[in-house]
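Below are the chains, spelled out letter by letter.
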There are 2 protein chains.
Amino acid sequence: LSSQPSPASKPAPQEPVRNKKYDPKKPHITETPLTRKNWYKHVNWLNVVLIVGIPIAGCIAAIWTPLRLPTAIWAVAYYFATGLGITAGYHRLWAHTSYSATVPLKIFLAAVGGGAVEGSIRWWARDHRAHHRYTDTEKDPYSVRKGLIYSHFGWMLMKQNPKRIGRTDISDLNDDKVVQLQHKHYLKVVLFMGLIFPCLVSGLLWNDWLGGFIYAGILRIFFVQQATFCVNSLAHWLGDQPFDDRNSPRDHIITALVTLGEGYHNFHHEFPSDYRNAIEWHQYDPTKWSIWAWKQMGLAYDLKQFRSNEIEKGRVQQQQKKLDQKRSRLDWGVPLDQLPVMEWDDYVDQVSNGRGLIAVAGVVHDVSDFINDHPGGKAMIKSGLGKDATAMFNGGVYNHSNAAHNLLSTMRVGVIRGGMEVEIWKRNAGENKDAMIVKD
Amino acid sequence: LSSQPSPASKPAPQEPVRNKKYDPKKPHITETPLTRKNWYKHVNWLNVVLIVGIPIAGCIAAIWTPLRLPTAIWAVAYYFATGLGITAGYHRLWAHTSYSATVPLKIFLAAVGGGAVEGSIRWWARDHRAHHRYTDTEKDPYSVRKGLIYSHFGWMLMKQNPKRIGRTDISDLNDDKVVQLQHKHYLKVVLFMGLIFPCLVSGLLWNDWLGGFIYAGILRIFFVQQATFCVNSLAHWLGDQPFDDRNSPRDHIITALVTLGEGYHNFHHEFPSDYRNAIEWHQYDPTKWSIWAWKQMGLAYDLKQFRSNEIEKGRVQQQQKKLDQKRSRLDWGVPLDQLPVMEWDDYVDQVSNGRGLIAVAGVVHDVSDFINDHPGGKAMIKSGLGKDATAMFNGGVYNHSNAAHNLLSTMRVGVIRGGMEVEIWKRNAGENKDAMIVKD
Ligand code: HEM
Ligand code: HEM
Ligand SMILES: [Fe+2]
Ligand SMILES: [Fe+2]
Ligand SMILES: [Fe+2]
Ligand SMILES: [Fe+2]
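Bear in mind the structure is a predicted one, so any value in this text is a computation, not a measurement.

### Regarding the overall build of chain A
Inference 1: The number of helices and strands found in chain A is 20 helices and six strands.
Inference 2: Looking at chain A residue by residue over its 440 residues, the buried ones come to 50%.
Inference 3: A separation of at least 24 residues holds for 69% of the contacts in chain A among residues at least 6 apart in sequence.
Inference 4: If you sum the accessible surface of chain A, you get close to 21,700 Å²; carbon and sulfur atoms cover 62% of it.

This is how it looks when you write it as structure tokens:
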């Protein structure tokens, strides 16, 4: 199961395509449009057989194969082991180097990861790095922008143009002996770890050869594949975006439950070199727990974590962005610089002529329609009409709530020239010293 | 059950204390400190009997009183009716005038509200207005700052100084005929609606006089009281503060379930004149549903709602406040104006001497410790050392995530004089025209 359908051949050091017939100079089938006549040429028939055909055959065979309890337990256990091979091995160790592993752990992960039948580490990690670097673009091998089904397994069922996928640096993987060996002997690894080993265990230990083959082999492969494919589909489609909403990755507990903890995918795309996908203790991330346990056993080391300060900064920025969007959809009243300027005496005059105006903090508000609704009573609000009600409104009589301030801002009709009454009075006093003495 | 323990007398128009012995000139008992000798004088014994004594007696009597199904159903139904008397009547109609009611509805609410045995409308609404106007202060009759038990019923079990409670305007209630009548005949209303009526219903209809008295009377009163008391205790103690966190009111579904929908108390204190407490359709607010149904039946009108724009403004402001608090606790790197200024040539020199410096957007960063950890590989990041890497970092080679920008800001060590390389070059070119021609 991979984009390498023909039997293994020595791969070119930088290019994991091993198809002998592939000639980069000839036009690739994906460059001719899909029609009624040529559609079957676009289909990757080998992958269709491997991902869809064999599982269906397995389901049918299961009808006549009794499921014994030890085989069921073994199939589930081996499901978790091979799943971890992908999540803790292929993904977090090799694609993202988010921690380092000793050779025994590497061999274990390369073996059980092979048993999940999702291609070699080298091929898988190359595509995955392109997926991170070119997320949601044409160069993303499993871009969800091409549809949920496409990102789930459509990209494997249809032939892909190797030139389309973004290039990434996999020199570190080419230097890794375990990765080299697994890639070279990939078909043997798949056959042995995918089918023979699970069958051997249940055959030798409790004599259920057929059950081991069908349940711990074929059907277990099917479930592991579908579960890990969800990281590319469901995790880019369902859930929240607490760290960045410019691209598709999302966080959701359901995806996490299905994918051994890979469901906090918005976090993961933002902090791909962190060995964790879930950062809260109460979130489900058994892959993280396993890596942590291996560290306690001396098998893993150098577990990388992004500083929590940087993580929280990302969260704060995203929350700010959402809040700004929300704020911009609301009515915050006429901006002060768009209001007409009124003279203080004009304001007082208009009130004596019966308008319900009230001045608070240098701004004139028309409260006529609100007097009868005022929760503090008609008398209270009327006592402020035609006056500078700033102090009254802000605690002198009653310290109004934030809500009252917000409501008030929607009633703006003008600003007082020179600020407030006292300012006007000071100005007049400055012009005419006698007046001041008289007032005093 | 009220702060009016002695038999009814004609109340003074503005002062609902009806105790004949009360003399505002003599020092009140609360003005003498509580001691071992005088503590019993501080206790409001009548209320202790009414709120604690009788319910305990009721529980004991219930042991010998068989509970019949119709009586149980009736007790629960009457629990809801009398609860609504308090929430839809006393609280939202009279204390907050958040809608208007026709006379038949007013009479119904005054009657069933009386059956909840929590004092007259007049007394209740006066205290409640003081609670809103002076929330959490000394003038708040049931301030939660004095303890959860105090706000629940401690304030009724201990004698209160009527002078302490904040004054509020209840002239609208004094003008309301139904309020006047209920206040005048309060003890009759309590006796009939609290005990006689529930007992009559189950006695006359299914001949369960004693059960009606114990279950639909005494125990139902106890449950209604405790439930509505929760608005003053639980609703100021448990839950979130989506609109304002300067005072104690909180929103919580548990409080809502207990109090017929009065549990969205942070909203309610911010928008007390709104007839709703819950504003989302999926929240539990049967009091709101009832008022709405009465409107459909022509019994209620003028249902007041705060504009949703103002409500959302309040929410945005509170979220902003929380976000700002969170932001201020994080490390955002050395502010640019506190960084030393470096010459461009000095920066380039230091890199040739082996320091791992990289200039992005006019700021020099020390990335030495990060080169080996760089998720894009050592080669990539090294290619930017000693250069103006602004374009590379921002998309030229790779468009780094927000997280990468945040991390970068923690590595700041200096700013380049005059901005970036190109600026320096332009300046030099201006000083020496020949150099420019040579370079071109
Ligand atoms: C300057 C004259 C005013 C005075 C003296 C005054 C006084 C009061 C008082 C005493 C209350 C408390 C009611 C209670 O809880 O018992 C109140 C509440 C309120 N007033 Fe005013 N008021 C004035 C002007 C205004 C204006 C112009 C507005 C327009 C937005 C306004 C909006 C409100 C609102 C929304 C409340 C409900 C409680 C709150 O949200 O704070 N008031 N007012
Ligand atoms: C100018 C030189 C740089 C170049 C050319 C460069 C290039 C790249 C590339 C190509 C990737 C993608 C890796 C992948 O997903 O396969 C990457 C990722 C990353 N780089 Fe750089 N980088 C440079 C400097 C830096 C610096 C100075 C920092 C310091 C904060 C940094 C932080 C990161 C981080 C955190 C990632 C992970 C993915 C992300 O969060 O965007 N890089 N870089
Ligand atoms: Fe992804
Ligand atoms: Fe990843
Ligand atoms: Fe309250
Ligand atoms: Fe209230």
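### Topic: the relation of the copies chain B and chain A
Inference 1: Aligned on chain A, chain B shows an RMSD of 0.1 Å; the corresponding rotation is 180° and the shift along the axis is 0.0 Å. Taken together, the turn and the small shift mark the pair as related by a two-fold rotation axis. Relative to the rotation axis, the closest C-alpha in chain B is found at Q320 of chain B, a distance of 3.9 Å.
Inference 2: A share of 100% of the interface residues of chain B reappears at the interface of chain A, consistent with the copies meeting face to face through the same patch.

### A closer look at the site of ligand 1
Inference 1: The environment of ligand 1 is made up of 20 residues, and the closest members are H374, P375, Y398, H400 and S401 of chain A.
Inference 2: At ligand 1, the nearby residues belong to more than one chain, namely chains A and B.
Inference 3: The side chain of H374 of chain A places a nitrogen or oxygen atom 2.7 Å from a nitrogen atom of ligand 1.
Inference 4: The side chain of S401 of chain A places a nitrogen or oxygen atom 2.5 Å from an oxygen atom of ligand 1.
Inference 5: Contributions of two or more residues to the shell around ligand 1 are made by helix 16 (378-382), helix 17 (390-393) and helix 18 (402-409) of chain A.
Inference 6: Here the element with the most residues in the shell around ligand 1 is helix 18 of chain A; it accounts for three residues.
Inference 7: For the shell around ligand 1, a count of residues per class yields 14 nonpolar, four polar and two charged.

### Structural notes on the environment of F271 of chain B
Inference 1: With respect to the element layout, F271 of chain B can be found in the loop between helix 12 (265-270) and helix 13 (286-296).
Inference 2: Filtering out sequence-adjacent residues up to four positions away, F271 of chain B remains in contact with A403 of chain A together with F243, F306, E310 and I311 of chain B.

### A word on unusual backbone geometry
Inference 1: Positive phi, close to 60°, is recorded for N207 of chain A, a residue that is not glycine.
Inference 2: With respect to the secondary-structure elements, N207 of chain A resides in the loop between helix 9 (186-206) and helix 10 (209-229).

### Focus: the coordination of the iron atom of ligand 1
Residues and elements named next belong to chain A.
Inference 1: Listed as protein donors to the iron atom of ligand 1 are H374 (NE2) and H400 (NE2); their distances from the metal cover 1.9 to 2.0 Å.
Inference 2: For the iron atom of ligand 1, the six donor atoms are set out with angles of 87 to 180° between them, so the coordination reads as octahedral. Of the two residues, H374 sits in the loop between strand 5 (363-366) and helix 16 while H400 sits in the loop between helix 17 and helix 18, which places them 26 residues apart along the sequence. For the pair shown, H374 and H400 are each scored as buried.

### Details of the coordination of the iron ion (ligand 3)
Residue and element names in this part refer to chain A.
Inference 1: Around the iron ion (ligand 3), the protein contributes the donor atoms H131 (NE2), H236 (NE2), H265 (NE2) and H269 (NE2), at 2.1 to 2.2 Å from the metal centre.
Inference 2: Taken together, the four donor atoms surrounding the iron ion (ligand 3) define angles of 92 to 168° at the centre, an arrangement classified as irregular.
Inference 3: The sequence pattern formed by the donor residues of the iron ion (ligand 3) is H-x104-H-x28-H-x3-H.
Inference 4: A gap of 5.6 Å separates the iron ion (ligand 3) and the iron ion (ligand 4).

### Quick notes on the sheet that holds strand 6 (residues 412-416) of chain A
Residues and elements named next belong to chain A.
Inference 1: Pairing in this open sheet of four strands is mixed, and the strands run 3-6-5-4 from one edge to the other. Both outer strands of the open sheet, strand 3 (341-342) and strand 4 (357-360), are each paired with one neighbouring strand and no more.
Inference 2: In terms of strand pairing, strand 3 meets strand 6 through two bridges, oriented parallel. Pairing of V341 across the sheet is with V415, part of strand 6.
Inference 3: Strand contacts of helix 15 (residues 344-352): strand 3, strand 4, strand 5 and strand 6, with the helix running at about 145° to strand 4, the strand carrying the most contacts.

### Side note on the state of the cysteines
Residue and element names in this part refer to chain A.
Inference 1: Taken as a whole and judged by the stated rule, the model has zero disulfides over all chains.
Inference 2: Residue C59 stays outside any disulfide, its sulfur separated by 16 Å from that of C230, the closest cysteine.
Inference 3: Note on C59: relative accessible area 40%, which makes it partly exposed.
Inference 4: The thiol sulfur of C199 is not disulfide-bonded, and the nearest other cysteine sulfur, from C59, lies at 18 Å.

### Looking at the interface of chain B and chain A
Inference 1: On the chain A side, the residues contacting the 37 residues of chain B number 37 residues.
Inference 2: When the area that chain B buries against chain A is broken down by residue, the three leading residues are R133, K313 and V316 of chain B, summing to 16%.
Inference 3: Put simply, chain B and chain A have two salt bridges between them.
Inference 4: As a salt-bridge pair, R307 of chain A and D331 of chain B come within 3.3 Å of each other at their nearest N and O atoms.
Inference 5: For the side of chain B that touches chain A, the secondary structure elements donating two or more residues are helix 5 (121-133), helix 14 (308-328) and helix 18 (402-409) of chain B.
Inference 6: Here the residues of the side of chain B that touches chain A sort into twelve nonpolar, twelve polar and 13 charged.

Quick notes on the rules
- Residues numbered from 1 in each chain as written.
- Chains lettered and ligands numbered in written order.
- Predicted model: local features only at pLDDT ≥ 70, side-chain atom pairs only at ≥ 80, totals over all residues.
- Heavy atoms only, no water.
- Helix = DSSP H or I, 4+ residues; strand = E, 2+ residues; numbered from the N terminus.
- Buried < 20%, exposed > 50% of the residue type's maximum accessible area, 1.4 Å probe, protein only.
- Contact = heavy atoms within 4.5 Å.
- Areas by Shrake-Rupley, 256 points an atom, 1.4 Å probe, with all protein chains shown as cover.
- Least-squares fit on C-alpha atoms with pLDDT ≥ 70 in both.
- Near = heavy atom within 4 Å.
- Polar contact = N/O pair within 3.5 Å; in protein donor to acceptor, adjacent residues only side chain to side chain.
- Nonpolar A, V, L, I, M, F, W, Y, C, P; charged D, E, K, R; others polar.
- Donors = N, O, S within 2.8 Å, 3.2 Å for Na, K, Ca; no water.
- Tetrahedral: all angles 85-135°; square planar, octahedral: opposite > 155°, others 65-115°.
- Pairing = 2+ DSSP bridges.
- Axes fitted to C-alpha atoms, helices over the stretch in contact; angles between N-to-C directions.
- Disulfide = S-S within 2.5 Å.
- Buried area = accessible area lost by both parts, 1.4 Å probe.
- Salt bridge = Lys/Arg side-chain N within 4 Å of Asp/Glu carboxyl O.

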